[in-house]
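# Report on the structure
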Amino acid sequence: LDGRLDFLVANGMNMRPQGRNNGPYQLFRNISPVRNWIELDLVGTSSNRDAIGAKVFVTAGGITQVREQNEGYHRWSQNQRRLHFGLAGNTSFNLTVEWPSGNTDVYNNVAAGRIYVATESSGLQQAIY
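Now for a description of the structure that goes with this document.

What counts, and at which threshold
Residues numbered from 1 in each chain as written. Predicted model: local features only at pLDDT ≥ 70, side-chain atom pairs only at ≥ 80, totals over all residues. Heavy atoms only, no water. Salt bridge = Lys/Arg side-chain N within 4 Å of Asp/Glu carboxyl O. Helix = DSSP H or I, 4+ residues; strand = E, 2+ residues; numbered from the N terminus. Buried < 20%, exposed > 50% of the residue type's maximum accessible area, 1.4 Å probe, protein only. Pairing = 2+ DSSP bridges. Axes fitted to C-alpha atoms, helices over the stretch in contact; angles between N-to-C directions. Patch = residues over 30% accessible without salt bridge, like charges linked within 9 Å, V, L, I, M, F, W, Y side chains within 5 Å. Areas by Shrake-Rupley, 256 points an atom, 1.4 Å probe, with all protein chains shown as cover. Contact = heavy atoms within 4.5 Å.

All right, on to the pattern of salt bridges then. One side chain can pair with another of opposite charge once the charged atoms of both are near each other. The final tally for this structure, using the stated rule, is three salt bridges. Among the salt bridges present, the one from Glu 39 reaches Arg 82, with a minimum N-O distance of 3.9 Å. Taken as a pair, Glu 39 in strand β3 (residues 36-43) and Arg 82 in the loop between β7 (77-78) and β8 (83-88) lie far apart in primary sequence, 43 residues in all. As far as the burial class goes, Glu 39 and Arg 82 line up, both buried. Asp 50 is paired through a salt bridge with Arg 81; the nearest N and O atoms lie 2.7 Å apart. Of this pair, Asp 50 sits in the loop between β3 and β4 (55-60) while Arg 81 sits in the loop between β7 and β8, and the two are 31 residues apart along the sequence.

This is the structure we're talking about:
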């Protein structure tokens, strides 16, 4: 929860009939310098609960980044649903969430370096972990 993305390789079971191919778990820790970032969990109300299909726009320092919430699961792999945005040296950002229902939420001048929960049409709150 330091804003630097780490990577876990499970090297788990091979589902083919030839047998199992169990390798060791490998954790690749990101030890790069800490920069500003935000992470965002989405909760749909009028849209589906997991906000699948939502588009998120983060603007900081004149640059806009976009992420689309997807299912986060692929054959024999998975990525977390929490959306991550790197903000370089910017300490605040503007956030727009376009929900699958057609609703749009806009938040301006939000502080960087935190994890937020955006609930459709209900606001933005800092996550407590």
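Pairing is antiparallel across the open sheet formed by four strands, whose spatial order is β5-β4-β9-β10. Both edges of this open sheet fall to β5 (63-68) and β10 (104-111), since each of them pairs with a single strand only. Taking the axes of each pair of neighbouring strands and ignoring which way they run, one obtains an average angle of 15 degrees across the sheet. Relative to strand β9 (residues 92-98), β4 runs antiparallel, the two sharing five bridges. Note on β9: the bridge partner recorded for Val 58 is Leu 95.

The next point concerns a nonpolar patch on the surface. Among the surface-exposed residues, Leu 8, Tyr 25 and Leu 27 lie close enough to one another that they form a single nonpolar patch of about 390 Å² accessible area. Mapped onto the elements, Leu 27 comes out in strand β2 (residues 26-28).

Residue Glu 39 is classed as buried on the basis of its relative accessible area, which comes to 6%. The contact partners of Glu 39, leaving out residues within four places of it in the chain, are Leu 5, Gln 80, Arg 82, Leu 83, His 84, Arg 114, Ile 115 and Tyr 116.

Time to look at the side chain of Gln 69. Inspection of the secondary structure assignment puts Gln 69 in the loop between β5 and β6 (73-74). Leave out the neighbours within four places in its chain, and Gln 69 touches Leu 42, Asp 50, Ala 51, Ile 52, Gly 53, Ala 54, Arg 81 and Leu 83.

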